[in-house]
Amino acid sequence: MQEQLADVFTQLGLAGYKDAWIFQVFVVVFITMLANFVSNRLFQRLETQLAKTRNIWDDILLHAARRPIALLIWVLGLSLAFELTDPETGSVLVKLIEPLRRGLVIVMIAWFLIRFIRQAESALVSDEKVKNPMDETTVGALGKLLRLSIIITAVLVVLQTFGYSISGVLAFGGIGGLAVGFAAKDLLANFFGGLMIYLDRPFKVGDWVRSPDKEIEGTVEDIGWRLTCIRTFDKRPLYVPNATFASISLENPSRMSNRRIYEKIGLRYEDSALINAVVDDVRDMLRNHPEIDTQQTLIVNLNSFAPYSLEFFIYTFTKTTNWVRFHEIKQDVMGKIISIVHQHGADFAFPTQTLHLESGESHPLVDRPDGVTQ
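All of these numbers come straight from a predicted model, not from anything done at the bench.

Enquirer: It is not clear to me how the overall build of the protein should be interpreted in this structure. Could you clarify?
Expert: Looking only at helices and strands, one finds 9 helices and 7 strands in the protein. Classification of the 374 residues of the protein by burial places 32% in the buried group. Of the contacts made within the protein by residues no fewer than 6 positions apart, 61% connect residues no fewer than 24 positions apart. Accessible surface for the protein amounts to roughly 24,600 Å². Of this, 59% is attributable to carbon and sulfur atoms.

Enquirer: Any chance you could explain the sheet that holds strand 5 (residues 259-267) here in plain terms?
Expert: Sheets are built from strands paired through backbone hydrogen bonds, the pairs being either parallel or antiparallel. The sheet built from 3 strands is open, its strands ordered 5-7-6 with antiparallel pairing. Two strands bound the open sheet, and with one partner strand each, they are strand 5 and strand 6 (299-305). Taken over all neighbouring pairs, the strand axes of this sheet differ in orientation by 20 degrees on average, direction set aside. Pairing of strand 6 with strand 7 (residues 310-318), which is carried by 6 bridges, proceeds in the antiparallel orientation. Across the sheet, residue asparagine 301 finds its bridge partner in strand 7, namely phenylalanine 313.

Enquirer: Help me out: how do you make sense of the packing of helix 8 (residues 275-288) against helix 9 (residues 323-343) in this one?
Expert: Close contact between helix 8 and helix 9 brings their axes to 10 Å; oriented N to C, the two are set at 145 degrees. Of the two possible hands of crossing, helix 8 and helix 9 adopt the one that is right-handed. The residues of helix 9 that touch helix 8, namely those facing Val278, Asp281, Val282, Met285 and Leu286, are Val333, Lys336, Ile337, Ile340 and Val341. Residues that form the contact of helix 8 with helix 9 fall into these classes: 8 nonpolar, no polar and 2 charged.

Enquirer: In this structure, what is going on with the side chain of aspartate 271? I would like to understand it.
Expert: Here aspartate 271 is to be found in the loop between strand 5 and helix 8. Among residues more than four places away in sequence, those in contact with aspartate 271 are Gly345, Ala346 and Asp347.

Enquirer: Looking at this structure, how should I read a nonpolar patch on the surface?
Expert: Taken together, Phe26, Phe30, Ile31, Leu34, Phe37 and Val38 make up a surface patch of nonpolar side chains, about 610 Å² in accessible area. Of note, phenylalanine 26 is situated in helix 2 (residues 20-50). What makes phenylalanine 26 exposed here is its relative accessible area of 52%.

Enquirer: Honestly, the nonpolar core in this entry has me stumped. Any pointers?
Expert: As a rule of thumb, nonpolar side chains are buried together in soluble globular proteins. Formed by 20 residues in total, the largest nonpolar core has its most connected members in Val282, Leu286, Phe312, Ile314, Val333 and Ile337. For this core, the elements supplying multiple residues, two or more each, are strand 5, helix 8, strand 7 and helix 9. Other than its neighbours up to four places away in sequence, leucine 286 contacts Ile292, Thr294, Leu298, Val300, Ile314, Thr316 and Val333. Counting 13 residues, the second-largest nonpolar core is a separate cluster that includes Ala141, Phe203, Val209 and Ile216.

Enquirer: How should helix 9 be read in this particular structure?
Expert: For helix 9, with 21 residues, the first-to-last C-alpha span of 31 Å sits near the 30 Å given by 1.5 Å per residue. When helix 9 is considered as a whole, its buried residues turn out to be Phe326, Ile329, Lys330, Val333, Ile337, Ile340 and Val341. Buried residues of helix 9 fall within an arc of 115 degrees about the axis and therefore sit on the same side. With respect to the buried face of helix 9, the exposed residues turned more than 90 degrees away are Val324, Gln331 and Gln343. Next to the buried residues of helix 9 lie strand 5, helix 8 and strand 7. Among the residues of helix 9, the N-terminal cap falls to asparagine 322, whose side-chain oxygen and the backbone nitrogen of valine 324 are separated by 3.1 Å. Immediately beyond the C-terminal end of helix 9, within one or two residues, lies glycine 345, with a positive phi of roughly 80 degrees.

Enquirer: I would appreciate a short explanation of the pattern of salt bridges in the present structure.
Expert: Pairing of side chains with opposite charge becomes possible as their charged atoms draw close. One pass over the structure, following the stated rule, counts 14 salt bridges. Glutamate 263 is paired through a salt bridge with lysine 330; the nearest N and O atoms lie 2.9 Å apart. Note that glutamate 263 is positioned in strand 5 and lysine 330 in helix 9, a separation of 67 residues in sequence.

Enquirer: In this structure, what is going on with the sheet that holds strand 1 (residues 208-211)? I would like to understand it.
Expert: Strand order across the open sheet formed by 4 strands is 1-2-3-4, with antiparallel pairing between neighbours. Lying at the two open borders of the sheet, with one neighbouring strand each, are strand 1 and strand 4 (237-241). Sheet twist, expressed as the average angle between the axes of neighbouring strands with direction ignored, equals 45 degrees. Note: strand 1 against strand 2 (residues 216-223), 4 bridges, orientation antiparallel. Opposite tryptophan 208, over in strand 2, you have threonine 219 as the bridge partner.

Enquirer: Help me understand the packing of aromatic side chains in this model?
Expert: Aromatic ring pairs: the centre-centre distance and the angle between the two ring planes describe each pair. Under the defined criterion, the tally for this structure stands at 8 aromatic pairs. Geometrically, the ring pair formed by tyrosine 262 and phenylalanine 313 is edge-to-face, given 6.0 Å between the ring centres and 75 degrees between the ring planes. With tyrosine 262 in strand 5 and phenylalanine 313 in strand 7, this pair connects stretches of sequence that are 51 residues apart. Among the residues examined, phenylalanine 313 registers a relative accessible area of 13% and is labelled buried.

The rules behind each value
Residues numbered from 1 in each chain as written. Predicted model: local features only at pLDDT ≥ 70, side-chain atom pairs only at ≥ 80, totals over all residues. Heavy atoms only, no water. Helix = DSSP H or I, 4+ residues; strand = E, 2+ residues; numbered from the N terminus. Buried < 20%, exposed > 50% of the residue type's maximum accessible area, 1.4 Å probe, protein only. Contact = heavy atoms within 4.5 Å. Areas by Shrake-Rupley, 256 points an atom, 1.4 Å probe, with all protein chains shown as cover. Pairing = 2+ DSSP bridges. Axes fitted to C-alpha atoms, helices over the stretch in contact; angles between N-to-C directions. Left-handed = near helix turned anticlockwise from the far one by under 90°. Nonpolar A, V, L, I, M, F, W, Y, C, P; charged D, E, K, R; others polar. Patch = residues over 30% accessible without salt bridge, like charges linked within 9 Å, V, L, I, M, F, W, Y side chains within 5 Å. Salt bridge = Lys/Arg side-chain N within 4 Å of Asp/Glu carboxyl O. Core = buried A, V, L, I, M, F, W, Y, C linked by side-chain atoms within 4.5 Å. Expected span 1.5 Å × (residues − 1). Arc of directions from axis to C-beta. Polar contact = N/O pair within 3.5 Å; in protein donor to acceptor, adjacent residues only side chain to side chain. Phe/Tyr/Trp six-rings, centres within 6.5 Å; stacked < 30°, edge-to-face > 60°.

Written as structure tokens, this is what we have:
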């Protein structure tokens, strides 16, 4: 490229002038700036046109390529300008320009691919951009693997460009892997723990999880290769090493199909004649409630003779699993139970004691141990 550019300057009659290299460098820098300007204008026009289409992949490709191409133009232009400058300054760095330029080109390509993968991740989990969004945890895992593969490949190719033997690097990695494995066993345990989460998928980002073995409960915010971030219900972030999930029991309430309403209601003993009618009306109310899933178990029965009440219970399931909506439905159900009880002239029991005195009998005064006569 440098020889072709020198031929152009020779044909223009500029090669024989003293300090002509300054003009040559100026021309190269000017062309570089012009190419960058044209590139920016072209990308702006393309973004305007492609925004009118429904295809999201052309937008993602254009957005991912814009900054790497702009930087690539400057890398090529400035490296060429440095080549023109170096013979005049007597520097020995001209030998590094070509491998450095190749290395930077590889870095630009890797940067473009990484940006494309990040944009694709956001699109694949968005309801607005795709009809059938993918699982965020799966997309995140695939994206991390692809980015890691690109980075490792780019590093190896750059090392090869600068004259380092890739085979030697791989051999060193194989020998040193044993030492690293012993020194970083916890790190590797967390890595494989994260891999098992991605494969087994006991939970995903956005799920509510809790562990009966540990004080872990909250919403999963991020699943990394070493740590999983869980936002507790008091809004504190909880960072759990992935290896922990291999040795504890874990509940995932987010995957429940229904939420259960299980309540015990006590009526007064003097309302014993009304208990059957109350229980039947409560059962009918639940069967006709629009938010109760009648396909699930539904029980309303007298349960026990409690110390101060006749106790019946309700056992049923709501259609929704949303925590807030569940409590709204539960409040409505309990309010209707109160109305049914009062409509029958019954009432709810509370802790009481009834003292029965037999008439016609005299009771001698008895001295109690506390000194009070009764």
